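So the chains spell out like this:
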Amino acid sequence: VATSRRPLRLALLGFGNVGRYFVGQLAGAYGRVLHAAGVEPLVTGIATGRHGVALDRDGLALSRALRLVKAGQTLTPLHRGAPIDDADAFIARVRADVLLELTPLVPTSGEPALGYVRAALARGLHVVTANKGPVAFGRRRLMRLAARQGVQFRHEGVVMDGFPIFNLTERCLPGTRILGFRGLLNSTTTRILGRMEAGLDFDAALAEAQAAGVAEADPRHDIDGWDAAVKACALANALMDADIRPDQVERRGIGGLGSADVGAALARGCRLRLIVRARRRAGRLHVSVGPESLPQDDVLVSSGADGVLVLETDLMREVGLWEGAGGVDQTAYALLADLVAIARSA
Ligand SMILES: NC(=O)c1ccc[n+]([C@@H]2O[C@H](COP(=O)([O-])OP(=O)(O)OC[C@H]3O[C@@H](n4cnc5c(N)ncnc54)[C@H](OP(=O)(O)O)[C@@H]3O)[C@@H](O)[C@H]2O)c1
């Protein structure tokens, strides 16, 4: 059957867990979904931190790229053309329609991802990111730049992995205003508090989470509430047209909580959890992160949830999303959903 699919040229900046999973699916299910949206995906560039850079305007050999990085080697053997030194040169030179920005989050500044996104949009590329930084630190300016350039900046994967928060509000709640939200968005602190309810003290619960690979070696961003604050900003900026940064969030972590606090909450029929809230009060947006004692039947503390988000709206009352165990497949799916949106709008 003859097809008339348009090529959709993709450049990946970052080729770690998410980028590799995404690329691995292109020959299978993700490829079929993009075909159905009328496009033929072609990866024309991949840039990494320590695994080199490869450009090929005719499309890179993806299974070989995956084999090289999995073996700890660089992508350089796949590169065609003059050598490329860094991410800035990659963004300036790659022949692509979309930049997939998949570098690690720097929760204090959003950089260098913020600058990468800005440069790609300024060059007229659509940008899809799974990195919270650019959304938490500069979404409003990036959206304006994208509009001026006639391209899209999409970021479905930045909160609750692939759960369709941003695409849901954009497409399925027309004319509805988000008045506020509340959520359980940091799985590391949820796990630690859950294990403290089972009798472990804070240090033992944290050590267990680290041993299971759930908490980072340096867990302060989770424990002190920074990760949740960055997510709260990404949500407020996107859903409530705000322009706030993580250091403007009222933030308390769970570091000061002990077994006695957890036990006292349980005795009252409650659970302590790190909760994110946003609301406009007297015209001012108020965003907070902190431990709260919630009744055990509250939707935010339902057991087994990695993430829960309740949107408070004017026309649709409350709309909730519940995520079980999150995973890299869901984040990669968010990239796919954003690419389908771009393909359909072309
Ligand atoms: N994993 C998840 O389930 C998940 C969920 C939601 C959101 N996210 C977000 O998605 C993004 C990617 O996550 P990931 O798990 O794939 O991260 P990762 O495994 O740490 O991979 C990061 C990639 O970025 C590259 N990189 C680092 N600094 C760079 C730079 N300055 N320029 C170019 N490339 C650079 C790294 O290169 P080297 O490999 O050579 O070091 C690596 O390929 C992050 O922002 C993360 O917060 C991830």
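A brief structural summary. Quick caveat, the model's predicted, so the values are computed rather than measured.

A look at the sheet that holds strand β5 (residues 126-129)
The strands making up a sheet associate through hydrogen bonds between their backbones, and the pairing can be parallel or antiparallel.
Right, so step 1: Spatially, β3-β2-β1-β4-β5-β6 is the arrangement adopted by the 6 strands of the open sheet, whose pairing is mixed. This sheet does not close on itself; its edge strands, each paired only once, are β3 (53-55) and β6 (153-154).
Right, so step 2: Sheet analysis places strand β2 (residues 39-47) next to β3, joined by 3 bridges and oriented antiparallel. Within β3, the position partnered with Gly-45 by the bridge is Leu-55.
Right, so step 3: Across the sheet, helix α1 (residues 17-26) is in contact with β1 (6-13), β2 and β4 (98-101); its angle to β1 comes to roughly 155°.

Remarks on the layout of surface pockets
Right, so step 1: The volume enclosed by the largest pocket comes to roughly 1,600 Å³.
Right, so step 2: Together, 49 residues line the largest pocket, and Asn-17, Val-18, Leu-105, Lys-132 and Glu-216 are the ones closest to its centre.
Right, so step 3: For the lining of the largest pocket, the secondary structure elements donating two or more residues are α1, α8 (187-197), α10 (220-223), α11 (226-239) and α13 (328-345).
Right, so step 4: Looking at which element gives the most residues to the lining of the largest pocket, the answer is α1, with 4 residues.
Right, so step 5: Of the residues contributing to the lining of the largest pocket, the split by class is 18 nonpolar, 19 polar and 12 charged.
Right, so step 6: Within this model, the second largest pocket holds a volume of roughly 330 Å³.
Right, so step 7: Where the lining of the second largest pocket is concerned, the elements lending two or more residues are α6 (132-149), β6, α7 (165-171) and α11.
Right, so step 8: A total of 4 residues in the lining of the second largest pocket trace back to one element, the largest contributor, which is α7.
Right, so step 9: Taken together, the residues of the lining of the second largest pocket sort by class into 8 nonpolar, 5 polar and 6 charged.

Notes on the packing of α1 against helix α3 (residues 62-70)
Right, so step 1: At a minimum axis distance of 10 Å, the contact between α1 and α3 shows a crossing angle of 150°. What the angle tells us is that α1 and α3 run roughly antiparallel. Of the two elements, α1 crosses α3, and the hand of that crossing is left-handed. From α1, Arg-20, Val-23, Gly-24 and Leu-26 reach across to α3, where they touch Leu-62, Leu-66 and Val-69.

Observations concerning the pattern of salt bridges
Right, so step 1: Per the counting criterion, the structure on display carries 20 salt bridges.
Right, so step 2: Asp-97 is paired through a salt bridge with Arg-9; the nearest N and O atoms lie 3.1 Å apart. Pair noted here: Asp-97 is in the loop between α4 (87-93) and β4 and Arg-9 is in strand β1, with a separation of 88 residues, a long-range link.
Right, so step 3: One salt bridge in this structure joins Arg-191 and Glu-208, with 3.7 Å as the shortest N-O distance. One end of the pair, Arg-191, is in helix α8; the other, Glu-208, is in helix α9 (residues 202-211), with 17 residues separating them in the sequence.
Right, so step 4: Residue Glu-208 is classed as partly exposed on the basis of its relative accessible area, which comes to 26%.

Parameters at a glance
Residues numbered from 1 in each chain as written. Predicted model: local features only at pLDDT ≥ 70, side-chain atom pairs only at ≥ 80, totals over all residues. Heavy atoms only, no water. Pairing = 2+ DSSP bridges. Helix = DSSP H or I, 4+ residues; strand = E, 2+ residues; numbered from the N terminus. Contact = heavy atoms within 4.5 Å. Axes fitted to C-alpha atoms, helices over the stretch in contact; angles between N-to-C directions. 1 Å grid on protein atoms, 1.4 Å probe; cavity = no way out; pocket = protein on both sides within 12 Å on 5 of 7 lines; lining within 4 Å. Points joined across faces, edges and corners; volume = space filled by probe spheres on them. Nonpolar A, V, L, I, M, F, W, Y, C, P; charged D, E, K, R; others polar. Parallel < 35°, antiparallel > 145°, perpendicular 65-115°, else oblique. Left-handed = near helix turned anticlockwise from the far one by under 90°. Salt bridge = Lys/Arg side-chain N within 4 Å of Asp/Glu carboxyl O. Buried < 20%, exposed > 50% of the residue type's maximum accessible area, 1.4 Å probe, protein only.

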